[in-house]
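These are the residues of each chain, in order.
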Protein chains: 2
Amino acid sequence: MSVEQFKDVKAIVFDVFGTVVDWRSGVSRDAAAFLARHDRQDIDPDDFADCWRNHYAPAMEEVNSGRRAFVRLDVLHRENLDKVLIELGIDATSIPRSELDELNLAWHRLDPWPDSVQGIQRLKKRFIVAPLSNGNIRLMIDMAKRSRLPWDAILGAEVAGIYKPMPEAYLRTADILALRPEEICLVAAHNNDLAAARQCGLRTAFILRANEHGADQKTDLHPTQDWDIIADSIDDLATKLKTPIPQ
Amino acid sequence: MSVEQFKDVKAIVFDVFGTVVDWRSGVSRDAAAFLARHDRQDIDPDDFADCWRNHYAPAMEEVNSGRRAFVRLDVLHRENLDKVLIELGIDATSIPRSELDELNLAWHRLDPWPDSVQGIQRLKKRFIVAPLSNGNIRLMIDMAKRSRLPWDAILGAEVAGIYKPMPEAYLRTADILALRPEEICLVAAHNNDLAAARQCGLRTAFILRANEHGADQKTDLHPTQDWDIIADSIDDLATKLKTPIPQ
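Please read all numbers here as calculations on a predicted model, not as lab measurements.

**Considering the nonpolar core**
In step 1: Within the largest apolar cluster, 154 residues are counted, with the highest numbers of intra-cluster contacts made by Ala130, Leu186 and Val187 of chain A together with Ala130, Leu186 and Val187 of chain B.
In step 2: With near-sequence residues (within four places) excluded, Leu186 of chain B lies in contact with Val13, Asp15, Leu132, Asp193, Leu194, Ala197, Leu202 and Thr204 of chain B.

This is the structure:
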């Protein structure tokens, strides 16, 4: 797709975990401090982060399948943390609940990739910019305030009442924005998210995040469809859409 | 209440129409152009704005009473516009639907009071700042982008699924923010909004907007309860909360 064909796009919405922020390094940082406090330096904090993230999709599937009413991601993350502790053989009975609640907020403290803030700032000059993330509103607020992500609004699962990749997550977002799906572009580092968005009629932009899962990443190293735009970073996306660099 | 007692407050949420923006002048401006196009300069555009606003509360009451499922404010405004045309004796049959749809967006183009942007910018340095308005998300986005209102998120009726002054509008907002009601302060120029928020346990800040309804305003010229803070403007509120002036 040429940039010309993007002239009808009014809003650019973003996957966040992996696309805008580096969840693995951020969770690993807080996990390292936690493991050190509990004398469990034998556990690799990256493994802790990966293990926690592995429970992410199955937990949301409980909601999307209808087996469970919608609960926000903070709740799922907290339940998943309990499972991580069991899997990694960490005795949770000796750990104060408040400390685990605090560790759960690691997901609120993730750093953006180096290009994200400037890229979103540039895109904001021409488009509505908002997360279309599975993260809940408070999580996204805390993350944005910490790193100055300049969102126009916080959209996504909690506003839509359902998790991606269910079609309603994309279509209800379009409805809230009072836009047709083709007036919205989803930016994501994940082919499956883009595929679901395209099925709903959204425009698609793939961002390569080759280290989201660490040095040995196997997935999402290449676009698996002819996404409308393919970019190396969010800042590169802004350049491809001819958005001026702020002074 | 002393400022010291505000130390537990984490979020400041705002009524918008009348408190942050001057709805009457903004609607009147667009109404004047509309009336001129249709050769109806005999109608005072301020009366047009007042008439439109008079339908606001009754329309929301249809939703809050349960007689009608939740619909966003843009829908109610558009329905109310049809009623305004009838009441003012304007023949709508000759007016293209698209022109009325466009006029309905007058509510997206309201100017902030002169102190609002700086006041919110200052408060944002210390608190989460968000509208807790009956306006829908897209309306609030358009208004904010046009005037650089620096919200951290767009909360309010569409996110809560109910209109103020129903308690759920305040309590669901607190739940989304993962805060106790007393950790949130509502800022409003309307005593009834503050009364409903206080009933739910929120902190309250009254802003005097003596010209919201024009020179002959009769309502909300004085606080009717001992609100936690009483201020002349949002900037004055930021000063009272000892929030630094940005460089």
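**Topic: the confidence of the model for chain A**
In step 1: For chain A, per-residue confidence averages 96 on the pLDDT scale, and residues scoring 70 or more make up 98% of the total.
In step 2: Both confidence scores are given for the complex: pTM 0.97, ipTM 0.96.

**Considerations on the relation of the copies chain B and chain A**
In step 1: Each copy of the sequence occupies a distinct position, and chain B is placed on chain A by a rotation of 180° and an axial shift of 0.0 Å, giving an RMSD of 0.0 Å. Expressed as a symmetry operation, the mapping of one chain copy onto the other fits a two-fold axis. The position closest to the rotation axis in chain B is occupied by the C-alpha of Ala153 of chain B, lying 2.5 Å away.

**A closer look at the interface of chain B and chain A**
In step 1: Of the residues lining the interface, 15 residues belong to chain B; the matching set on chain A comes to 14 residues.
In step 2: Within the residue set of the side of chain B that touches chain A, elements represented by two or more residues are helix H7 (137-147) and helix H8 (157-160) of chain B.
In step 3: By residue number, the principal contributor to the side of chain B that touches chain A is H7 of chain B, which donates five residues.
In step 4: Residues belonging to the side of chain B that touches chain A are distributed by class as follows: 10 nonpolar, no polar and five charged.

**Comments concerning the domain arrangement of chain A**
Residue and element names in this part refer to chain A.
In step 1: When the domains of chain A are assigned, the result is domain 1 (3-22 + 112-240) and domain 2 (24-108).
In step 2: The C-alpha-based centres of domain 1 and domain 2 are spaced at 24 Å.
In step 3: Between domain 1 and domain 2, the contact holds 17 residues from the first and 13 residues from the second.
In step 4: Elements supplying a minimum of two residues to the side of domain 1 that touches domain 2: helix H7 (137-147) and helix H8 (157-160).
In step 5: In terms of residues, the side of domain 1 that touches domain 2 owes the most to one element, H7, which gives three residues.
In step 6: In the side of domain 1 that touches domain 2, the residues fall into seven nonpolar, six polar and four charged.

**What to know about the pairing of strand E5 (residues 203-207) of chain B**
Residues and elements named next belong to chain B.
In step 1: In terms of residue burial, E5 counts as a mostly covered element, since five of its five residues are buried.
In step 2: Neither face of E5 is left uncovered, since the one carrying Arg203, Ala205 and Ile207 and the one carrying Thr204 and Phe206 both have all their residues buried.
In step 3: Sheet topology places strand E4 (residues 184-188) next to E5; four bridges connect them, and they run parallel. Opposite Cys185, over in E5, you have Arg203 as the bridge partner.
In step 4: Crossover E4 to E5 through helix H10 (residues 191-199) is right-handed.

**Points about the sheet that holds E4 of chain B**
Residue and element names in this part refer to chain B.
In step 1: The parallel open sheet is built from six strands, whose spatial order is E3-E2-E1-E4-E5-E6. Two strands close off the open sheet at either side, each with one partner strand: strand E3 (155-156) and strand E6 (229-231).
In step 2: The pairing of strand E1 (residues 11-14) with strand E2 (residues 128-133) spans four bridges and is classified as parallel. Within E2, the residue paired with Ile12 across the bridge is Val129.
In step 3: Strands E4 and E5 of the sheet are contacted by H10, whose axis makes an angle of about 165° with E4.

**Side note on the pairing of E1 of chain B**
All names here are of chain B.
In step 1: A two-sided burial pattern is seen for E1, the buried positions comprising Ala11 and Val13 on one face and Ile12 and Phe14 on the other.
In step 2: Pairing geometry for E1 and E4, over four bridges, is parallel. Within E4, the position partnered with Val13 by the bridge is Leu186.

**Overview of the environment of Pro165 of chain A**
Residue and element names in this part refer to chain A.
In step 1: For Pro165, the location among the structural elements is in the loop between H8 and helix H9 (167-176).
In step 2: The sequence separation of Pro165 and Ala197 amounts to 32 residues, and the corresponding C-alpha distance is 7.8 Å.
In step 3: When residues no more than four places from it in sequence are discounted, the contact partners of Pro165 are Asn192, Asp193 and Ala196.

About the cut-offs
- Every chain is numbered independently, its residues counted from 1 as its sequence is written.
- Whichever chain is written first becomes A and whichever ligand is written first becomes 1, with later ones labelled in order.
- Predicted model: local features are reported for residues with pLDDT of at least 70 only, side-chain atom pairs are reported and counted for 80 or more only, and whole-chain, interface and lining totals are derived from all residues.
- Core membership is restricted to buried Ala, Val, Leu, Ile, Met, Phe, Trp, Tyr and Cys residues, and these are joined into a nonpolar core through C-beta atoms within 7 Å.
- Any residue surrounded by 20 or more other C-beta atoms within 10 Å of its C-beta is treated as buried, while 12 or fewer makes it exposed and the intermediate range makes it partly exposed; C-beta atoms here are placed from the backbone.
- By definition, residue pairs are in contact when their C-beta atoms, positioned from the backbone, come within 7 Å.
- The predictor reports its confidence for every residue as pLDDT, a score running from 0 up to 100.
- The copies were overlaid with a least-squares fit restricted to C-alpha atoms from residues scoring a pLDDT of at least 70 in each copy.
- Runs of H or I in DSSP of at least four residues are treated as helices and runs of E of at least two as strands, each being numbered from the N terminus.
- Residue polarity follows a fixed list, in which Ala, Val, Leu, Ile, Met, Phe, Trp, Tyr, Cys and Pro are nonpolar, Asp, Glu, Lys and Arg are charged, and the others, Gly among them, are polar.
- Boundaries of every domain are those given by an automatic assignment or by a domain database.
- By definition, two strands form a pair when at least two bridges between them are found by DSSP.
- Orienting the strands away from the viewer, one traces the path from the first strand over the helix to the second; a clockwise path indicates a right-handed crossover.
- Axis lines are fitted to C-alpha atoms, over the contacting stretch for helices. Their N-to-C directions set the angle, which ranges from 0 to 180 degrees.

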